[in-house]
Amino acid sequence: MVFALAAGLTATSVVIGASDGSGGSGGGQDAARGVRPAAARYEQLSGDGLARQIGAMQTHLRGEPKDAESWAGLGSAYVEQARTSGDPTRYPQAEKAFARSLSLQPRDNDVALAGRASLAAARHDFRGALRDADRALKVNSYSQGALAVRVDALVELGRYQDAYTAAKKADSLRPGIPVFTRLGYVLELRGDPAGARRVLLRAQDSATSPSDIAYVSTALGQLAWNQGEYDTARRAYATALRAVPGYLPALEGRGRTSLAAGRQKAGIRDLEAVVRRYPLPAELAALGEAYEARGDRSKARGQYAVVDTWITLARANGVATDLDSALVAADHGDVKEALKAARAEWDRRRTVHTADALAWALHRNGEDEKAREYAVRAAGPGYRNAAFLYHRGVIEKSLGDEKSARRHLKAALDLNPGFSPTGARAAKAALKALGGAR
């Protein structure tokens, strides 16, 4: 099951650092941006609108090729386009645009540095993201984009205490939706979903634009879904979709919620709509598992095959995809390759998600003693995730520790009984085999 894939990454979309000290509203589908005026027109665009504006900026740069700020804006727009379309071939173009901006303005170019940090994060190079975010903040300590990416990078490196400190500092310097949502995520990772909800409600109170309302409402929906609060999640996604009809993260959340609540047809319909426009591993695999749960193994295999194709393409464009590879392959591919990928990812960054992926890959390769060590590490900060609990329970069952297995399998289903179309069913079967009523 790859139900943890999407949760493995924080919001690492394009963020353009503000070089003035002004505040800025949130915007976009994942992370709001603090922007300089010349880049502001790219703030809330996606799809066809973003493509048109990229074209306009390219035209502008043909006439003004020494406009360093516009090169940085173009680079950030490419990152956003890659993120919203699932097309990683835009990343090399973004890299060239940021390089051009920095060659034209090598000093005090926090916009390009913050944009390059967002590119590194999008490619899952979180050490590089942290390095460039820190460089941008040396130029402009109030750069909202750099502050946001810095939190993302620390989270994805598994440095949760540092991420909490960074998020609190960012909140004191540039409070706003980009910071609130990241602080909420850090609190959730630290085992405080109630605190996360309070912060997200604070973000909701400050959301005025349709894109901000959709973004924050979706974050609230995801938090509720993780806790198995499906009615709350459904209402939050409905709010997001009223604000921005067709908003993909909310559509995906609504689809997962429908599947969790037993509304299979509606859930599959939403996920199919998502992957048509956003064919990334988490979404493709989620749809594949929905097909599998419905009994359509041929369609499921088709989705998993597309995941493999995407991973190959992403790697060719500089995206580190080992977490994606491990989670997909462990359940739907070559388990030896899954273990290789999980170990490579663990060497790069030691997060709860990489610990869980490595634990599951070790289990799938019959190395359950080692697997349990990493399953325990995945719970270290206090984060409670139904998929993690399920994995730990299965590993303990394989080791003959029936008491612990029953406890963790039951905890997974109590926390989020529909955490995965295939995983929840397997968890119920395993618990029943252990004599645990469900």
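Refer to the preceding data block for the structure.
Anyway, here's the lowdown on the structure attached to this text. (Residues numbered from 1 in each chain as written. Predicted model: local features only at pLDDT ≥ 70, side-chain atom pairs only at ≥ 80, totals over all residues. Heavy atoms only, no water.)

Re the packing of aromatic side chains
Part 1 of the argument: Under the criterion given, the structure shown has 4 aromatic pairs.
Part 2 of the argument: With centroids separated by 5.3 Å and ring planes inclined at 85 degrees, the aromatic side chains of Trp346 and Tyr374 adopt a geometry described as edge-to-face. With Trp346 in helix α17 (residues 335-348) and Tyr374 in helix α19 (residues 368-378), this pair connects stretches of sequence that are 28 residues apart. Neither Trp346 nor Tyr374 differs from the other in exposure class; each is buried.
Part 3 of the argument: When the ring of Trp360 is compared with that of Tyr390, the centres are 5.7 Å apart and the planes differ by 45 degrees; the resulting orientation is tilted. Pair noted here: Trp360 is in helix α18 (residues 352-364) and Tyr390 is in helix α20 (residues 386-398), with a separation of 30 residues, a long-range link.
Part 4 of the argument: Note on Tyr390: relative accessible area 5%, which makes it buried. (Phe/Tyr/Trp six-rings, centres within 6.5 Å; stacked < 30°, edge-to-face > 60°. Helix = DSSP H or I, 4+ residues; strand = E, 2+ residues; numbered from the N terminus. Buried < 20%, exposed > 50% of the residue type's maximum accessible area, 1.4 Å probe, protein only.)

Notes on unusual backbone geometry
Part 1 of the argument: In the Ramachandran plot, Asp108 falls in the positive-phi region, its phi being about 60 degrees despite a non-glycine side chain.
Part 2 of the argument: Counting through the fold element by element, Asp108 comes out in the loop between α3 (90-104) and α4 (110-122).
Part 3 of the argument: A positive phi is found at His124, a non-glycine position, where the angle reads about 70 degrees.
Part 4 of the argument: Relative to the helices and strands, His124 is located in the loop between α4 and α5 (126-139).

A closer look at the packing of helix α7 (residues 160-173) against helix α8 (residues 177-189)
Part 1 of the argument: Two elements in contact, α7 and α8, have axes separated by 9 Å at closest approach and are oriented at 150 degrees. Judged by the angle between their axes, α7 and α8 are roughly antiparallel. For the pair α7 and α8, the sense of crossing is left-handed. Packed against α7, whose contacting residues are Tyr160, Ala163, Tyr164, Ala167, Lys168, Ala170 and Asp171, the element α8 presents Val179, Phe180, Leu183, Val186, Leu187 and Leu189 at the interface.
Part 2 of the argument: Its residues assigned to classes, the contact of α7 with α8 shows 11 nonpolar, no polar and 2 charged. (Axes fitted to C-alpha atoms, helices over the stretch in contact; angles between N-to-C directions. Parallel < 35°, antiparallel > 145°, perpendicular 65-115°, else oblique. Left-handed = near helix turned anticlockwise from the far one by under 90°. Contact = heavy atoms within 4.5 Å. Nonpolar A, V, L, I, M, F, W, Y, C, P; charged D, E, K, R; others polar.)

Remarks on helix α13 (residues 264-277)
Part 1 of the argument: With 14 residues, α13 extends 21 Å between its outermost C-alpha atoms, agreeing within 8% with the 20 Å of an ideal straight helix rising 1.5 Å per residue.
Part 2 of the argument: All of the buried residues along α13 are Ala266, Gly267, Ile268, Asp270, Leu271, Ala273, Val274 and Val275.
Part 3 of the argument: For α13, the secondary structure elements touched by its buried residues are α12 (248-260) and α14 (281-294). (Expected span 1.5 Å × (residues − 1).)

Points about the pattern of salt bridges
Part 1 of the argument: Tallying each qualifying case throughout the model produces 21 salt bridges.
Part 2 of the argument: Residue Arg392 pairs with Glu396 through a salt bridge whose shortest N-O separation is 3.2 Å. In this pair, Arg392 and Glu396 are both assigned in helix α20, 4 residues apart and thus about one turn of the helix distant. The two residues Arg392 and Glu396 agree in class, both being buried.
Part 3 of the argument: Here the residues in one salt-bridge network are Glu156, Glu345, Arg348 and Arg349, joined through shared partners. (Salt bridge = Lys/Arg side-chain N within 4 Å of Asp/Glu carboxyl O.)

So, the environment of Lys169
Part 1 of the argument: If you trace the backbone, Lys169 turns up in helix α7.
Part 2 of the argument: Relative accessible area serves as the criterion here: at 53%, Lys169 is assigned to the exposed category.
Part 3 of the argument: Spatially, the C-alpha atom of Lys169 lies 8.7 Å from that of Leu147, the residues being 22 residues apart in sequence.

Examining the nonpolar core
Part 1 of the argument: Core analysis: the largest hydrophobic core is formed by 85 residues, its most contacted members being Val155, Leu189, Tyr247, Leu358, Tyr390, Leu409 and Phe419.
Part 2 of the argument: Examining the composition of this core, we find that 8 residues originate from one element, helix α10 (residues 210-226), more than from any other.
Part 3 of the argument: Contacts of Leu409, omitting those with residues within four sequence positions, involve Leu389, Tyr390, Gly393, Val394, Ala427, Ala430, Leu431 and Leu434. (Core = buried A, V, L, I, M, F, W, Y, C linked by side-chain atoms within 4.5 Å.)

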